[in-house]
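Letter by letter, the chains look like this.
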Amino acid sequence: MSATGLAGRRVLLGVTGGIAAYKAAELVRRLGDAGAQVRVVLTENAARFVTPLTFQALSGNPVRTCLWDESAEAAMGHIELARWAEDILVAPASADFLARLAHGLAGDLLTTLCLASAAPLHVAPAMNQQMWANAATQANLALLRSRGVGVFGPAAGSQACGEVGAGRLLEPDDLVAALAATRQLRRLAGRHVLISAGPTYEDIDPVRFLGNRSSGRMGFAIAAAAAEAGADVTLVAGPVHLATPAGVNRIDVRSAREMHAAVMAAAKRADAYVAAAAVGDFRPLEIAAQKIKKQGDGGMTLQLTQNPDILADVAALPRRPLLIGFAAETEHVEAHARAKLERKGLDLIAANQVGGGLGFESEDNSLTLIGADGVTPLPTASKRELARQLVAVVAERLLRRDAERGAGRA
Ligand code: CTP
């Protein structure tokens, strides 16, 4: 596979303690051959296997081994190094390093950098085959994968310890090819993607509100997938309890009107807007200044007024982004979604069935993408996986729109 995607790329190579550390020296050369700029960070244990001087000579840059190196902190501090990196590759990644990474420990320079950087993180495990097969290692790997960490290898074969099995570090050429392949997946590089997610809360009085059951997970997964694909991502989030995905610019809002203002401000420079939020259609006409008290035994009537339609207002912008709406329906999913696609003038609508344990509060979901030109079913999968598939469709649509606009000008 061609490694051209790495030309000029700033790659931070982390090397951890293990006999395979010697192969990392060759890896520095190969990354350099592919055009990458490489800076190397060794853990203390890695420096027992290969000296910093070796990596300094091969990378042409100073090598860091310690969080507390004062002269290095004065020259290129660890936060600056974390920002400098466009990719972090840890090869070899020992079982101990993977465990520390999985649990967010930051006791040394390399783990600190991994936590402090928004760059895509890739690990190439290398260890004894029993350590690799150990349930603890596999659980740590699963956790890292679920957070979007790329795992390269390991290969199987004879090991330095004399055993045979899975746990060998991939060869340097294969590692370079694997890293280059992730670059080719970065289909949204240079694009700005705006995403709205979660519910809106419409206050009734200081203690009560009208809300809905959206968890925000689908929208957050789309934001993570768009960032993974290289987009500049703005995520406008209603009230949810979710961590911000790496590399995503998050704006928190509460009501539909706040969401409207934040989305309209960002939409002007967006290439695509994915409206995954469950926006409250109505809000109380007035918000009571004090807690509303019961009036005798009677009921009460709450007067509601309609909220602005955010999607419709973005659709009316002169240079509107590609528009992807969501239709969460409890019945006649496709027919309702198609009607919304047309009514709101969208490019695509992602329809899903909600209620009865599906949709809002579950980890898995399924979607049907409907456009004027056809229907693409995305069968049940984790929200993360579905998000990746949706982002791939968005990237393809943007390319198509560029081509059409180019043809229009010609
Ligand atoms: N939406 C929006 N602004 C609103 C209401 C909805 O931008 N005030 C967006 C949602 O984010 C979603 C899409 O419109 O992408 C469809 O939302 P939905 O509430 O299902 O559509 P409605 O037009 O409100 O249709 P209905 O309530 O009749 O089902």
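Throughout this document, residue positions are counted from 1 along each chain, in the order its sequence is written. Reporting in this predicted model follows two pLDDT cut-offs: at least 70 for local features of residues, and 80 or more for side-chain atom pairs to be given and counted; totals over whole chains, interfaces and linings ignore these cut-offs and use all residues. Heavy atoms throughout the structure, all of them, feed into the side-chain values; hydrogens and water do not.

> Can you help me understand the overall build of the chain in this one?
Numbering of helices and strands runs from the N terminus, with a helix taken as a DSSP run of H or I at least four residues long and a strand as a DSSP run of E at least two residues long. The secondary structure content of the chain amounts to 15 helices and 19 strands. Seen through its principal axes, the chain has C-alpha atoms that stretch 80 × 60 × 45 Å. With 410 residues in all, the chain has 49% of them scored as buried. Should any heavy atoms of two residues lie within 4.5 Å, those residues are counted as being in contact. Contacts spanning at least 24 positions in sequence make up 68% of the contacts within the chain whose residues lie at least 6 apart. The method behind every accessible area is Shrake-Rupley, applied with a 1.4 Å probe, and residues are considered shielded solely by the protein chains displayed. Of the roughly 19600 Å² that the chain leaves accessible, carbon and sulfur atoms contribute 53%. Buried residues are those whose accessible area, probed at 1.4 Å on protein chains only, stays under 20% of the maximum for their type, while exposed residues exceed 50% and partly exposed ones sit between those limits.

> Before we go on, may I ask you to explain the domain arrangement of the chain in this structure?
Many authors give the size of an interface as the accessible area that is lost as the parts come together. On domain assignment, one finds that the chain holds domain 1 (4-184) and domain 2 (192-283 + 298-409). An automatic or database domain assignment supplies the start and end points of every domain. Its C-alpha centre places domain 1 at a distance of 36 Å from the equivalent point of domain 2. What makes a salt bridge here is a side-chain nitrogen of Lys or Arg within 4 Å of a carboxyl oxygen of Asp or Glu, nothing more. Joining domain 1 to domain 2, the criterion identifies zero salt bridges. All residues other than Ala, Val, Leu, Ile, Met, Phe, Trp, Tyr, Cys, Pro, Asp, Glu, Lys and Arg, Gly among them, are scored as polar; the first ten of these are nonpolar and the last four charged. Considered class by class, the residues forming the side of domain 1 that touches domain 2 number one nonpolar, two polar and one charged.

> Sorry if this is basic, but what is going on with helix α6 (residues 95-102) here?
Since the α-helix turns once every 3.6 residues, residues separated by three or four places project in the same direction. Burial analysis of α6 places six of its eight residues in the buried class, the great majority of the element. Residues of α6 that are buried include every one of Ala95, Phe97, Leu98, Arg100, Leu101 and Ala102, and no others. The elements touched by buried residues of α6 are β3 (87-93), α7 (109-116), β4 (121-125), α8 (129-133) and α9 (135-146). Positive phi shows up at Gly104, right after α6, with a value of about 70°.

> What exactly am I supposed to notice about the site of the ligand here?
Consider each residue's heavy atoms; a residue with any of them within 4 Å of a molecule or strand counts as near. In the region of the ligand, 13 residues are neighbours, and Ala275, Ala277, Phe326, Lys340 and Lys344 sit closest. Note that a nitrogen atom of the ligand is positioned 2.9 Å from one of the backbone N or O atoms of Pro308. Measuring from an oxygen atom of the ligand, one finds a backbone N or O atom of Phe326 at 2.8 Å. Contact with the protein chains covers 77% of the free accessible surface of the ligand, which is 570 Å². At the level of elements, α13 (310-315), β16 (322-329) and α14 (333-344) are the ones that each hand at least two residues to the shell around the ligand. The residue inventory of the shell around the ligand, partitioned by class, reads seven nonpolar, one polar and five charged. Polar contact is defined as a pair of N or O atoms within 3.5 Å, subject to the rule that within protein one atom must be able to donate a hydrogen and the other to accept it, and that residues adjacent in sequence are counted only when both atoms are side-chain atoms.

> Before we go on, may I ask you to explain the sheet that holds strand β5 (residues 150-151) in this structure?
Across a sheet, paired strands are connected by hydrogen bonds in the backbone, their directions being either parallel or antiparallel. In short, DSSP must find at least two bridges between two strands for them to pair. The strand order across the open sheet built from five strands is β2-β1-β3-β4-β5, with neighbouring strands paired in parallel fashion. At either margin of the open sheet sits one strand with a lone partner, and together these are β2 (37-42) and β5. Pairing of β3 with β4 involves four bridges; the strand directions are parallel. Opposite Val90, over in β4, you have Val123 as the bridge partner. Sitting on the sheet, helix α1 (residues 21-33) is in contact with β1 (10-15), β2 and β3, with an inclination near 175° to β1. For helices, the fitted line uses only the C-alpha atoms of the stretch in contact; every axis is such a line through C-alpha atoms, and the angle between N-to-C directions lies from 0 to 180 degrees.

> In this structure, what is going on with the nonpolar core? I would like to understand it.
Generally speaking, a soluble globular protein has its nonpolar side chains buried in company with each other. Only buried residues count toward a nonpolar core. Its members are Ala, Val, Leu, Ile, Met, Phe, Trp, Tyr and Cys residues joined through side-chain atoms within 4.5 Å. Core analysis: the biggest nonpolar cluster contains 39 residues, and Leu188, Ile195, Ile222, Ala226, Val233, Val274 and Phe326 have the highest contact counts within it. Non-local contacts of Ile195, meaning those with residues more than four positions away in its chain, are made with Gly219, Ile222, Ala223, Ala226, Val233, Thr234, Leu235, Val236, Tyr273 and Val274. Counting residues in each nonpolar core, the second largest holds 32 residues, with Ala24, Ala34, Phe55 and Val63 among its members.

> Please clarify how the environment of Thr51 should be interpreted in this entry.
Within the element layout of this structure, Thr51 appears in the loop between α2 (46-49) and α3 (52-59). Remark: the alpha-carbon pair of Thr51 and Tyr22, spanning 29 residues in sequence, is separated by 9.6 Å. At a separation of 3.0 Å, a polar atom in the side chain of Thr51 contacts the side chain of Thr54.

> Which parts of the structure should I look at to understand the side chain of Thr137?
Mapped onto the elements, Thr137 comes out in helix α9. Look past the residues within four positions of Thr137 in its chain and what remains in contact with it is Ala95, Met127, Met131 and Trp132.

> Where do I start with a nonpolar patch on the surface in this structure?
Taken together, the side chains of Phe282, Met300, Leu302 and Leu304 make up a nonpolar region of the molecular surface, amounting to roughly 370 Å² of accessible area. Secondary-structure assignment places Leu304 in strand β15 (residues 304-306). Candidates for patches are residues over 30% relative accessible area with no salt bridge; among them, like charges are joined within 9 Å and nonpolar side chains (Val, Leu, Ile, Met, Phe, Trp, Tyr) within 5 Å.

> Please clarify how the side chain of Asp108 should be interpreted in this entry.
Along the polypeptide, Asp108 turns up in the loop between α6 and α7. Taking relative accessible area as the criterion, Asp108 reaches 19% and is therefore assigned buried. In this structure Asp108 touches Thr43, Leu67 and Arg100, once residues within four positions along its chain are discounted.

> Teacher, can you tell me more about the sheet that holds strand β19 (residues 374-382) here?
As summarised here, the arrangement of the eight strands in space is β12-β11-β8-β13-β16-β17-β18-β19, forming an open sheet in which the pairing is mixed. A strand with exactly one partner marks an edge of an open sheet, and here the two such strands are β12 (248-252) and β19. Along the sheet, successive strands turn relative to each other by an average axial angle of 20°, direction set aside. As judged from the seven bridges shared by strand β18 (residues 364-371) and β19, these two strands associate in the antiparallel manner. The residue bridging Thr368 from the neighbouring strand is Pro377, located in β19.

> Please clarify how the packing of aromatic side chains should be interpreted in this entry.
What describes a pair of aromatic rings is the distance from one ring centre to the other and the angle between the planes of the rings. Here the aromatic set is Phe, Tyr and Trp, taking the six-membered ring for Trp, and pairing holds for ring centres within 6.5 Å; pairs whose planes are under 30 degrees apart are stacked, those over 60 apart are edge-to-face, and all others are tilted. A complete count under the given rule lists one aromatic pair for this structure. Cation placement over rings: the criterion is NZ of Lys or CZ of Arg within 6 Å of the ring centroid and within 35° of the ring normal. The residue whose ring lies beneath Arg39 is Trp84, and the NZ or CZ to ring-centre distance is 5.3 Å.

> Can you help me understand the pairing of β4 in this one?
On any regular strand, side chains alternate: one points to one face of the sheet, the next to the other face. Along β4, five of the five residues are buried, which leaves the element largely enclosed by surrounding structure. Residue alternation in β4 divides its side chains into two sets, Leu121, Val123 and Pro125 and His122 and Ala124, and both sets are buried. Two strands pair when backbone bridges link them, and β4 and β5 are joined in this way by two bridges, in the parallel orientation. Paired with His122 across the bridge in β5 is Gly150.

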